[in-house]
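Fold and geometry: a report
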Amino acid sequence: RGVIVDESFTDDATAFTEAFEVNITIFPVFDAAIGGASVGVEDKGPITSAGADIVAGLDLVDNTTDPNNNDERETITKVVFKASSTFSILDFTWSGSNVPTEGSPINLATGVNLEYNSSTDSYVITHDTILATSDLTTLTEQERIDIEDEIKDAITPFILAFGPEHEAR
């Protein structure tokens, strides 16, 4: 939720924007909720920790309640989240060293692939090893942990800028 503050006189919060969320989809579906959160003040610049805040909430837990399930940790195979959006008075956009643009995917030396999908206005983050593996059970636990860490490392430098279009005073 954005807060518009009148800092010139009283520092009282004078208005609030509607609350907004950046929905993040992790594949495969897993049992734990994602709890990362970022807080920022629009006029004080972008949230440089937004990517790290997302990563802090990516803790894959498997509660093994399904009879066809195993009790091993889940393996991230893909992360997808919105690139930009417009709420009634609040826009947000992503930037940073690993943020791809239309037609210019980023393929990191670690095997992580980041691409922008214009039809869904989303970033899609995958890994070469996952894409080349038809059966994830053939990967060792350490390989799966390394892939997850590499995907998280690729998301960490994402920066979130938000706010309405307005003139500087």
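Our subject is the structure that appears above.
Residues numbered from 1 in each chain as written. Predicted model: local features only at pLDDT ≥ 70, side-chain atom pairs only at ≥ 80, totals over all residues. Heavy atoms only, no water.

**Examining the overall build of the chain**
- Per the secondary structure count, the chain includes three helices and ten strands.
- Helices (α) and strands (β) of the chain occur, in sequence order from the N terminus, as β-β-β-α-β-β-β-β-β-β-α-α-β.
- Expressed as a percentage of the 169 residues in the chain, the buried residues total 33%.
- Only carbon and sulfur atoms are counted for the fraction: they give 49% of the accessible area of the chain, which is about 10,000 Å². (Helix = DSSP H or I, 4+ residues; strand = E, 2+ residues; numbered from the N terminus. Buried < 20%, exposed > 50% of the residue type's maximum accessible area, 1.4 Å probe, protein only. Areas by Shrake-Rupley, 256 points an atom, 1.4 Å probe, with all protein chains shown as cover.)

**Re the pattern of salt bridges**
- For the coordinates displayed, the defined rule picks out two salt bridges.
- Where R144 meets E141, a salt bridge forms, and the shortest distance between an N and an O atom there is 2.7 Å. Placement of the pair is R144 and E141 together in helix α3 (residues 141–155), with a separation of three residues, close to one helical turn.
- E141 sits in the partly exposed class, given a relative accessible area of 31%.
- With its nearest N and O atoms 3.0 Å apart, the salt bridge here joins E148 to K152. Of the two residues, E148 and K152 both sit in helix α3, four residues apart, roughly one turn of that helix. (Salt bridge = Lys/Arg side-chain N within 4 Å of Asp/Glu carboxyl O.)

**Things to note about the pairing of strand β8 (residues 112–117)**
- Of the pairings in the sheet, the one linking strand β7 (residues 106–107) to β8 comprises two bridges and is antiparallel in character. Bridging from a neighbouring strand, I106 pairs with L114 of β8.
- Hairpin remark: β7 followed by β8, antiparallel, with four residues in the connecting loop; positive phi at G111, about 105 degrees.
- Note that β8 and strand β9 (residues 122–127) share six bridges and pair antiparallel. What sits directly across from N117, in β9, is S122. (Pairing = 2+ DSSP bridges.)

**Some points on the packing of aromatic side chains**
- Summed over the entire model, instances satisfying the criterion amount to six aromatic pairs.
- Note on F81 and W94: the rings are 5.2 Å apart at their centroids and 65 degrees apart in plane angle, and the pair reads as edge-to-face. Taken as a pair, F81 in strand β4 (residues 78–82) and W94 in strand β6 (residues 91–95) lie far apart in primary sequence, 13 residues in all. Of the two residues examined, F81 and W94, each falls in the buried class.
- An aromatic cluster of three or more residues is present, and its members are F81, W94, Y116, Y123 and F158. (Phe/Tyr/Trp six-rings, centres within 6.5 Å; stacked < 30°, edge-to-face > 60°.)

**Topic: the side chain of D121**
- The topology assignment puts D121 in the loop between β8 and β9.
- A residue is classified by how much of its surface remains accessible, and D121, at 17% relative accessible area, is buried.
- A polar atom in the side chain of D121 sits 2.8 Å from the side chain of Y116. (Polar contact = N/O pair within 3.5 Å; in protein donor to acceptor, adjacent residues only side chain to side chain.)

**Examining a negative patch on the surface**
- Where like charges cluster on the molecular surface, the negative patch consists of E143, D146, D149 and D153.
- Looking at where D153 falls in the secondary structure, it is placed in helix α3. (Patch = residues over 30% accessible without salt bridge, like charges linked within 9 Å, V, L, I, M, F, W, Y side chains within 5 Å. Lys, Arg positive; Asp, Glu negative; His and termini not counted. Charge placed at Lys NZ, Arg CZ, Asp CG, Glu CD.)

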